[in-house]
Amino acid sequence: TCFMVAVASTPVLLTFRCLEAMYGFSPPAVEAQIANYMLYYGSVIEFVFDGKTSHAVKSTTGEALTKARRFLTFYLFLALLFSVFEPCAYAPIDMRPRGSSGPAIEAAITDFLHPGHLADNF
């Protein structure tokens, strides 16, 4: 799941990074050294650079543990949601007509605003 999120967000991040490079909005520390430039534009990980030394700032152990705990919390919550909603094919509110076993067929675009559809897609 996390891999899918990373893969899905990479094109958006790379688009913004390219716009930064083309229009000169990259951080000053990135353009100070070629190594920083390659590190910043070649990675999907966000870096913080020190303005005086132009080197990447290392995170503390406490920051790393906090971020790891937060990541694991969201990961476990997402795994729980997948486990709960998988038996109902990720659509807990049945929108099929009564007596029908096939997929629901929407008659109009306004049917997409039905609370059942909105809840299934939330």
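Residues numbered from 1 in each chain as written. Predicted model: local features only at pLDDT ≥ 70, side-chain atom pairs only at ≥ 80, totals over all residues. Heavy atoms only, no water.

Here's the deal with helix α3 (residues 34-41)
Then step 1. Three or more residues of α3 are buried, namely Asn36, Tyr40 and Tyr41. Down the axis of α3, the sector holding all buried residues measures 110°, keeping them to one side. With respect to the buried face of α3, the exposed residues turned more than 90 degrees away are Ile34 and Met38. (Buried < 20%, exposed > 50% of the residue type's maximum accessible area, 1.4 Å probe, protein only. Helix = DSSP H or I, 4+ residues; strand = E, 2+ residues; numbered from the N terminus. Arc of directions from axis to C-beta.)

What to know about the side chain of arginine 17
Then step 1. Within the secondary structure, arginine 17 sits in helix α1 (residues 2-23).
Then step 2. For arginine 17, a relative accessible area of 3% puts it in the buried group.
Then step 3. Arginine 17 has contacts with Tyr40, Tyr41, Ser43, Ile45 and Glu46, leaving out every residue within four places of it along the chain. (Contact = heavy atoms within 4.5 Å.)

A look at a nonpolar patch on the surface
Then step 1. A cluster of nonpolar side chains, contributed by Val12, Phe16, Leu19, Met22, Tyr23 and Phe25, occupies part of the molecular surface with about 720 Å² of accessible area.
Then step 2. Tracing the chain through its elements places tyrosine 23 in helix α1. (Patch = residues over 30% accessible without salt bridge, like charges linked within 9 Å, V, L, I, M, F, W, Y side chains within 5 Å. Areas by Shrake-Rupley, 256 points an atom, 1.4 Å probe, with all protein chains shown as cover. Salt bridge = Lys/Arg side-chain N within 4 Å of Asp/Glu carboxyl O.)

Observations regarding the pattern of salt bridges
Then step 1. For the structure on display, the rule yields one salt bridge.
Then step 2. Two residues, glutamate 46 and arginine 17, come together in a salt bridge whose shortest N-O distance is 3.1 Å. Taken together, the positions of glutamate 46 in the loop between α3 and α4 (61-85) and arginine 17 in helix α1 put the pair 29 residues apart, joining distant regions of the chain.
Then step 3. With relative accessibility at 53%, the residue glutamate 46 sits in the exposed group.

Focus: unusual backbone geometry
Then step 1. Notably, serine 54 is not glycine yet its phi reads approximately 60°, a positive angle.
Then step 2. On the secondary structure map, serine 54 appears in the loop between α3 and α4.

Things to note about the confidence of the model for the protein
Then step 1. Of all residues in the protein, 75% have pLDDT values of 70 or greater, and the mean over the chain is 78.
Then step 2. The secondary-structure element of the protein with the lowest mean pLDDT is helix α5 (residues 115-121), recorded at 67, while α4 shows the highest, at 88. (pLDDT = per-residue confidence, 0-100.)

Notes on the environment of valine 57
Then step 1. Note that valine 57 resides in the loop between α3 and α4.
Then step 2. Owing to a relative accessible area of 47%, valine 57 belongs among the partly exposed residues under this scheme.
Then step 3. With 10 residues separating them in the primary sequence, valine 57 and phenylalanine 47 have C-alpha atoms 7.7 Å apart.
Then step 4. What valine 57 contacts, discounting residues up to four positions off in sequence, is Val48, Phe49 and Asp50.

Section: the side chain of serine 26
Then step 1. With respect to the element layout, serine 26 can be found in the loop between α1 and α2 (28-32).
Then step 2. Relative accessible area serves as the criterion here: at 10%, serine 26 is assigned to the buried category.
Then step 3. Within the local environment of serine 26, its side chain forms a polar contact with the side chain of glutamate 31, the two groups lying 2.4 Å apart.
Then step 4. Once you skip the residues sitting within four places of it in the chain, serine 26 turns out to touch Glu20, Glu31 and Tyr41. (Polar contact = N/O pair within 3.5 Å; in protein donor to acceptor, adjacent residues only side chain to side chain.)

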